[in-house]
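# Examining the three-dimensional arrangement
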Amino acid sequence: MKSLNVTGSQSTPTILCNPDNGVMSMQGDSYPENSFEFFGEVIEWVEQFLQRSSQPLQLELHLIYMNTSSVKAMMDIFDLMEAAFAASREVSVRWYYDPDNERVVELAEEFKEDCSFPFDILPHDE
C-alpha cells in the first residue's frame, strides 16, 4: 500500500497518510472549493488501509478551521473508523487544538460524542 501526501494550501490541509506506521495526519484549514473531490482520495486511502492492513490506524488532527462540507468528509472518515472498531480493529484519534480556539474544541467534542473508539482532544504545545 502506498503513502498518500497531499500538500496543503490556504484553504486545504496538509495530509500525510503513512501505511508503514498506520498514522494519518491533517494540519491546517479545511475549506476546499470541492470537499468531496479533495477528500475523495483520503477516504479511499482509509478504506484501503482498513481492508488491507491489520495495523492500528491513528488519525492525528491539527485542524484550525473546517467548513460544513469538510465536516461531512471527516464524518465519513470517522464512520469508516467506527465500523473498523466495531470489527475489533484498533483505531484512534488524537485531535490537537489551540487553547485559544474554542470552536475547534467544540467541534472535536461533537465528533467525539459520536465515536466509541479512543478519541483524545489535546491542547498543542505551541
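Structural notes, computed from the coordinates. Being a predicted model, the structure only gives us computed values, none of them experimental. (Residues numbered from 1 in each chain as written. Predicted model: local features only at pLDDT ≥ 70, side-chain atom pairs only at ≥ 80, totals over all residues. Heavy atoms only, no water.)

## Observations concerning the overall build of the protein
Helix and strand counts for the protein stand at three helices and six strands. For the protein, the α and β elements follow one another from N to C terminus as β-β-β-α-β-α-β-α-β. In terms of overall size, the protein behaves like a compact globule, its C-alpha atoms giving a radius of gyration of 14 Å where 126 residues would be expected to give roughly 14 Å. On the principal axes, the C-alpha backbone points of the protein span a range of 35 × 25 × 25 Å. Evaluated residue by residue, the protein yields a buried proportion of 44% over its 126 residues. In the protein, 64% of the contacts between residues at least 6 apart in sequence involve partners at least 24 apart. (Helix = DSSP H or I, 4+ residues; strand = E, 2+ residues; numbered from the N terminus. Rg over C-alpha atoms; globule rule 2.2 N^0.38 Å. Buried < 20%, exposed > 50% of the residue type's maximum accessible area, 1.4 Å probe, protein only. Contact = heavy atoms within 4.5 Å.)

## Topic: the packing of aromatic side chains
By the definition in use, this model includes 10 aromatic pairs. The interplanar angle of 90° and the centroid separation of 5.0 Å between the aromatic rings of Phe38 and Phe39 together place this pair among those described as edge-to-face. Of the two residues examined, Phe38 and Phe39, each falls in the buried class. Clustering of aromatic rings is evident, with ring pairs tying together Phe78, Phe85, Trp95, Phe111, Phe117 and Phe119. (Phe/Tyr/Trp six-rings, centres within 6.5 Å; stacked < 30°, edge-to-face > 60°.)

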